[in-house]
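# Notes for the structure review
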Amino acid sequence: MRQHGKLEYGGQAVPQRTCVGCRAREAKSELLRLVRVEGQVVPDLRGQLPGRGASLHPAVKCLELAERRRAFPRAFRVPGPLDVTPVRAHLEGEPRNVM
Ligand SMILES: [Zn+2]
């Protein structure tokens, strides 16, 4: 089931993405890009990690919303749950798991 893709750029000057937590549309630059590395979701702080990305407001609230609705497995097209510890650590200001 594909629900997005067509409106990816919306014909606007500023690329927009949808936050996987609260589902609000936001300028891409305002959102944190997340990528999947093995079974973990990690913040792509430099925007350079390869692969499918998901966008999230840099807020614990949105991370929790995303977890509750199991948005990450859907966003990354994987069947199982993903560990979001690195993202949480980043949002809480503890960069221990960030490369
Ligand atoms: Zn959000």
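Now for a look at the structure at hand. Note that the structure is a prediction, hence the values are computed from the model and not measured. (Residues numbered from 1 in each chain as written. Predicted model: local features only at pLDDT ≥ 70, side-chain atom pairs only at ≥ 80, totals over all residues. Heavy atoms only, no water.)

### Some details on the packing of aromatic side chains
The test is simple: Aromatic contacts are taken between Phe, Tyr and Trp rings whose centres are within 6.5 Å, Trp giving its six-membered ring; a plane angle under 30 degrees counts as stacked, one over 60 as edge-to-face, and the others as tilted. A 1.4 Å probe rolled over the protein chains alone gives each residue an accessible area, and that area as a share of the maximum for its type sets the label: buried under 20%, exposed over 50%, partly exposed in between.
One pass over the structure, following the stated rule, counts 1 aromatic pair. When the ring of Phe72 is compared with that of Phe76, the centres are 6.4 Å apart and the planes differ by 15 degrees; the resulting orientation is stacked. The two residues Phe72 and Phe76 agree in class, both being buried.

### Side note on the environment of Arg70
Formally: By the criteria applied, helices consist of DSSP H or I runs no shorter than four residues and strands consist of E runs no shorter than two, each listed in order from the N terminus.
Position of Arg70 among the secondary structure elements: in the loop between helix 1 (60–68) and helix 2 (71–75). With 50 residues separating them in the primary sequence, Arg70 and Val20 have C-alpha atoms 9.4 Å apart.

### A word on the pairing of strand 3 (residues 32–37)
Note the following rule: At least two DSSP bridges between two strands are required for those strands to pair.
As paired elements, strand 3 and strand 5 (residues 53–56) share 4 bridges and run antiparallel to each other. By the bridge assignment, Val35 is partnered in strand 5 with Gly53. Two elements, strand 3 and strand 4 (residues 40–43), share 4 bridges in a ladder whose sense is antiparallel. Along strand 4, the bridge assignment pairs Val35 with Val42. Where strand 3 folds back onto strand 4 in an antiparallel hairpin, the turn is made up of 2 residues, including Glu38, whose phi is positive at roughly 55 degrees.

### Points about the coordination of the zinc ion
When four donors bind a metal tetrahedrally, each ideal donor-metal-donor angle is 109.5 degrees, and when six bind octahedrally, the ideal angles are 90 or 180 degrees. The following threshold applies: Nitrogen, oxygen and sulfur within 2.8 Å of a metal are treated as its donors, or within 3.2 Å for sodium, potassium and calcium (Na, K, Ca); water is not counted, so a site can appear incomplete. Sites are called tetrahedral only when four donors show all angles between 85 and 135 degrees, square planar or octahedral only when four or six donors show opposite pairs over 155 degrees and all other angles between 65 and 115, and irregular in any remaining case.
Each protein donor to the zinc ion is listed here as Cys19 (SG), Cys22 (SG), His57 (ND1) and Cys62 (SG); together their distances run 2.0 to 2.4 Å. In this structure, the zinc ion is coordinated by 4 donor atoms arranged in tetrahedral fashion, with angles at the metal of 101 to 114 degrees. If you list the donors of the zinc ion from N- to C-terminus, the spacing comes out as C-x2-C-x34-H-x4-C. With relative accessibility at 0%, the residue Cys19 sits in the buried group. Residue classification places Cys22 among the partly exposed residues on the basis of a relative accessible area of 33%.

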